[in-house]
Structures are given as structure tokens and as C-alpha cells.
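Structural description and commentary
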Amino acid sequence: MMHSILPSHGGDPVFVVLIRTIVLYLLIIVGIRLLGKRQVGELEPSELTLALIIADLASVPMQDNGIPLMAGLIPIVVLLSVATILSVLSARSIRFRALLCGRPSVVIQDGLVLEEELRKNRLTLDELMEELRIQGFTDFHAIKFAILETNGQLSVVPRADQKPPTCAQLSVPVQEPGIPVILISDGRLLERNLKDQGYEQSWLSKQLAAHGMSSPEQVFLLTVDQLGNTYCVAKGGAA
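Predicted, not measured: the structure shown is a model, and the values here were computed from it.

**Concerning the packing of aromatic side chains**
In this structure the tally under the stated criterion is one aromatic pair. Between Y199 and W203, the aromatic rings sit 3.8 Å apart at their centres with planes inclined by 15 degrees, giving stacked as the arrangement. Residue Y199 is classed as partly exposed on the basis of its relative accessible area, which comes to 21%. Overall, W203 belongs to the buried group, its relative accessible area being 17%.

**Digging into the pattern of salt bridges**
Between side chains of opposite charge, a pair can form as their charged atoms come close. Scanning all chains against the criterion turns up four salt bridges. For the salt bridge of K144 with D110, the shortest nitrogen-to-oxygen distance reads 2.6 Å. Note that K144 is positioned in strand β3 (residues 143–148) and D110 in the loop between β1 (105–109) and β2 (112–113), a separation of 34 residues in sequence. Relative accessible area serves as the criterion here: at 30%, K144 is assigned to the partly exposed category.

**What about the sheet that holds strand β8 (residues 230–234)?**
Within a sheet, adjacent strands bond to each other through the backbone by hydrogen bonds, running parallel or antiparallel. Strand order in this open sheet of four strands is β6-β5-β7-β8, and the pairing throughout is antiparallel. Two strands close off the open sheet at either side, each with one partner strand: β6 (188–189) and β8. Bridging between strand β7 (residues 219–224) and β8 involves five bridges; their strand directions are antiparallel. What sits directly across from L221, in β8, is V233.

**Looking at the environment of N151**
Tracing the backbone through its elements, the reader meets N151 in the loop between β3 and β4 (154–158). Exposure remark for N151: the relative accessible area of 22% places this residue in the partly exposed category. C-alpha of N151 to C-alpha of G102: the two residues are 49 residues apart in sequence and 9.2 Å apart in space.

**With respect to the environment of V224**
Here V224 lies in strand β7. On a C-alpha basis, the gap between V224 and I182 in space is 6.8 Å, while along the polypeptide they are 42 residues apart. Look past the residues within four positions of V224 in its chain and what remains in contact with it is I179, P180, V181, L183, Q197, Y199, W203, N229 and T230.

**Quick notes on the sheet that holds β3**
Across the sheet, which stays open at both edges, the four strands sit in the order β2-β1-β3-β4 with antiparallel pairing between neighbours. On the outer flanks of this sheet lie β2 and β4, each paired with one strand and no other. Relative to β3, β1 runs antiparallel, the two being bridged by four bridges. In the strand pairing of β3, I108 is matched with A146. Helix-sheet contacts for helix α6 (residues 125–134) involve β1, β2, β3 and β4, and the interaxial angle to β4 is about 60 degrees.

**What about helix α3 (residues 70–92)?**
If you check α3, its first and last C-alpha atoms are 33 Å apart, about what 23 residues at 1.5 Å a residue would give, namely 33 Å. Among the residues making up α3, those that are buried are G72, L73, I76, L80 and S90.

Conventions we followed
Once a new chain begins, its residue numbering starts again from 1 and follows that chain's sequence as written. Under the rules for a predicted model, residues below a pLDDT of 70 receive no local features and side-chain atom pairs below 80 are neither given nor counted, while totals for whole chains, interfaces and linings still include all residues. To get the side-chain values, take all heavy atoms of the structure and skip hydrogens and water. Think of it this way: a Phe, Tyr or Trp ring, Trp meaning its six-membered ring, pairs with another when their centres are within 6.5 Å, and the plane angle makes it stacked under 30 degrees, edge-to-face over 60, tilted otherwise. Each residue gets one of three labels from its accessible area relative to the maximum for its type: buried under 20%, exposed over 50%, partly exposed in between, using a 1.4 Å probe on protein chains only. A side-chain nitrogen of Lys or Arg and a carboxyl oxygen of Asp or Glu constitute a salt bridge if their distance falls within 4 Å. Put simply, DSSP marks the helices as runs of H or I at least four residues long and the strands as runs of E at least two long, and each gets a number from the N terminus on. A pair of strands is labelled paired if DSSP reports no fewer than 2 bridges between them. Whether two residues touch is decided by their heavy atoms; if any such pair falls within 4.5 Å, the residues are in contact. Here, axes are lines fitted to C-alpha atoms. For helices the fit covers the stretch in contact, and angles between N-to-C directions go from 0 to 180 degrees. Expected span of a helix, by definition, is 1.5 Å for each gap between consecutive residues, and there is one gap fewer than residues.

Dropping the structure here:
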């Protein structure tokens, strides 16, 4: 009976370790992709638990050739399948998501710190004030709501009179510059991007001359937005 999809004895041990590591690495990448594009600090408790368990399961068959590779693959596949099922159930049921991930907690309302909510979430005043300072708030009275999200992040909603006015509120007309497009990256001209933006070499030469340069090789970064505004950084850091 075959206990492993790869031999644990015989052959080149280094090659076996290499193959086992690559297989487990690729499987973990699939697992992380299933979690979505999040940072570690933004993972839900169930997602963080899954990531830690998968990492631990993968490390054992990577280090010990005597352990069948399937002993690591099967639990990881099972966990990923369970995570996918839980994700689907969470998307379809608000109650199930609240049970699995918890609910956001309002820790500040109308400038008042809610002591009971802090205790319930085991959040100290020092930690709360640190999070507020990170987001640029030092005055509790300026805060309408501070919400501790299910991933541990603190969302702060300032009072309406503390928010900076927008151009729409001031009736100031503005144009959307769009997303800057890279034309030159580390001395290399991206000709396709240049053509897609509707520019030619003559326009590029004028832009380089305006920044005191004569060739793309002198440019570390050159971008252009939809309004034709350029941003240029020469190699060596000169803008």
C-alpha cells in the first residue's frame, strides 16, 4: 500500500525535500488566496486560525522525509474545504457570520467612552488612545463613533463639524486626474503604455527635456495621468 505520493527513502534526499517543499508551498498559496486580499492584521479570527494551522501542518512534512507527504496534504485540503464552506455560509447568513466572526462594537459614542464595551472586548484605555492617535484623533469630543471591527481594527467616524469640507460642499469645480500610468520604469520605456495614452516619442522627449533629461535611461520613474500631468524622478532621487 502506498503511504506517500513521494518516496521518503531512496533517491536524492535534497531533491525529495525540494519537491515536497514546492508542493506544500503551492498548496499554502492556494489557501492564502482563498482568504482573499487581506493583511494578517485584517483576518477574521477563523481565517487567522486557519492560516496558523496550515502553516504548522505544512512545516512538519517539509522537515521530515519520513512523514508521508499525504499526511500534510490531506489535512490542509480538508481545512481549505471547510474554510470555503464556512465562507459561503457566512455570505448567505448574517446570523452565522455573527456567530463565527462576532459583531462590531461601538466603544465611543458622541465623544463618550463606553466602559462596558471596552471591558467586553478586553481593550484597555491605553490601547484605545494609541489607536486613536494613529488615526490622528486626540480629542474624544471630536469623535461621533469609534467602532471596534471584528478583525480588531478601530474605525473612527468624526463629528460632521470636524470633517474637512469637500470641493463639492465648497462648490469648487475639479477634474478627475485618473490613475497615473507608468511610462518609464527604472530607465526602461514602456512603449505600450505610451501608445495607450495617445502620446508619441516627440511628446516624451519634450517632457524629459522639461525635467532636464534627454533619455529614458536617466529616469527612474515617469508617470502621466488622464489630465496630462507628469511626475518624474531621475535616477539618484532628483525630482
